Amino acid sequence: MAAAAQMMTTTAGVFLPSFEGLRSSTLKASSSVSFRMGGGGDGFALRGLVVKAATTVAPKYTTLKPLGDRVLVKIKAAEEKTSGGILLPTTAQSKSQGGEVVAVGEGRTIGQKKVDVGVKTGTPVVYSKYAGTEVEFDGSNHLLLKEDDIVGILETDDVKDLKPLNDRVLIKVVEAEQTTAGGLLLTQATKEKPSIGTVIAVGPGPLDEEGNRKELSVCAGNTVLFSKYAGNDFKGSDGSDYIALRASDVMAVLP
């Protein structure tokens with residue numbers, strides 16, 4: 001005789017451990033799970049799993065001091081409207097990749113040399129998309145990250161003015177081909193992502209084992225071939241595509 005059993009999970013709260021200056025984070029998970037057993041076999045299904053987490057600094061703490069080569073950045077608010085004034089839903093708002101430096105660590109020691117953090121408080125910066133730890137602090141969202149995760153300094157609203165840091169390179173990407181060699185028009189979905197561009201600006205170079213800068217092998221004006229899925233993509237005010245990546249992701253200089 002066939003038997004049937006069904007199990008449903010409900011929303012649960014799990015409290016993560018506290019650290020000095022940080023309140024306990026609440027991790028909420030909600031899911032719908034079904035498990036059935038029958039005479040001829042069994043089945044398992046998992047759907048609708050949602051996990052959310054947030055970390056906030058307790059209100060009684062009014063300052064946060066980064067250690068070593070870490071930097072605290074106040075995140076720039078995401079765009080809520082399109083350039084045409086259309087209000088965007090939260091899910092469609094692009095995640096910010098920029099903000100203002102509000103605190104820096106004391107630096108680090110490389111070899112026998114003490115190296116200070118290369119950015120100062122008040123500097124507007126662009127950082128790697130998935131870098132750092134988000135912290136809600138003093139009523140605003142901040143990001144605590146390593147200096148090496150900062151792509152460059154951007155003092156205007158146009159990415160072409162980005163000043164790359166360390167081993168980063170800013171490239172203006174060539175426009176994707178609109179047609180095939182046989183003359184067929186390509187749709188946006190079928191256009192191959194271009195991996196050729198012109199170097200617009202380069203950083204001062206990485207630090208070697210003694211704390212000295214090593215000059216990069218590419219310079220502004222070079223036409224280069226770069227790794228297709230490397231770096232951070234940006235759209236310029238003129239509609240052009242730009243990418244900021246590490247010099248090691250540049251594979252060749254084209255004549």
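Note that the coordinates shown come from a computational prediction; the quantities given were computed from them, not determined experimentally.

**Q** Give me the sheet that holds strand 4 (residues 70-75): which residues, what numbers.
**A** Reading across from one edge, 9-10-4-5-8-11-12 is the order of the seven strands in this open sheet, with antiparallel pairing throughout. Single-partner strands in this sheet number two, and they are strand 9 (133-137) and strand 12 (163-164). The pairing of strand 8 (residues 124-127) with strand 11 (residues 150-153) spans three bridges and is antiparallel. The residue of strand 11 that forms the bridge with Val126 is Gly152.

**Q** Explain the pattern of salt bridges to me, using residue names and the numbers behind them.
**A** Close approach of charged atoms allows side chains of opposite charge to pair. Across all of its chains, the model carries seven salt bridges by this definition. Two residues, Lys163 and Glu155, come together in a salt bridge whose shortest N-O distance is 3.7 Å. Judged by its relative accessible area of 58%, Glu155 is exposed. Its salt-bridge partner being Arg168, residue Asp167 comes within 3.9 Å of it at the nearest N-O pair. Taken as a pair, Asp167 and Arg168 share a single burial class, namely buried. Members of the salt-bridge network, linked through shared partners, are Asp148, Asp167, Arg168 and Arg246.

**Q** Pulling in residues and values, what's your account of the pairing of strand 13 (residues 168-173)?
**A** With five of six residues buried, strand 13 is to be regarded as a mostly interior element. Looking at chain direction, strand 13 and strand 17 (residues 241-246) are connected through five bridges and run antiparallel. The residue of strand 17 that forms the bridge with Arg168 is Arg246.

**Q** Can you break down the nonpolar core residue by residue, with the values?
**A** Core analysis: the largest hydrophobic core is formed by 15 residues, its most contacted members being Val71, Val73, Val101, Val119, Val125, Leu145 and Ile150. Taken together, the elements giving at least two residues each to this core come down to strand 4, strand 5 (98-104), strand 8, strand 10 (140-146) and strand 11. Not counting residues within four places of it along the chain, the set of residues in contact with Ile150 comprises Val71, Val119, Val125, Val126, Tyr127, Leu145, Leu165 and Arg168. By size, the runner-up hydrophobic cluster in this structure holds 13 residues, among which are Val169, Ile171, Leu216 and Val250.

Scoring rules and cut-offs
Residues numbered from 1 in each chain as written. Predicted model: local features only at pLDDT ≥ 70, side-chain atom pairs only at ≥ 80, totals over all residues. Heavy atoms only, no water. Pairing = 2+ DSSP bridges. Helix = DSSP H or I, 4+ residues; strand = E, 2+ residues; numbered from the N terminus. Salt bridge = Lys/Arg side-chain N within 4 Å of Asp/Glu carboxyl O. Buried < 20%, exposed > 50% of the residue type's maximum accessible area, 1.4 Å probe, protein only. Core = buried A, V, L, I, M, F, W, Y, C linked by side-chain atoms within 4.5 Å. Contact = heavy atoms within 4.5 Å.

It is worth stressing that arrangement in space is one thing and function is another; only the former is reported here.
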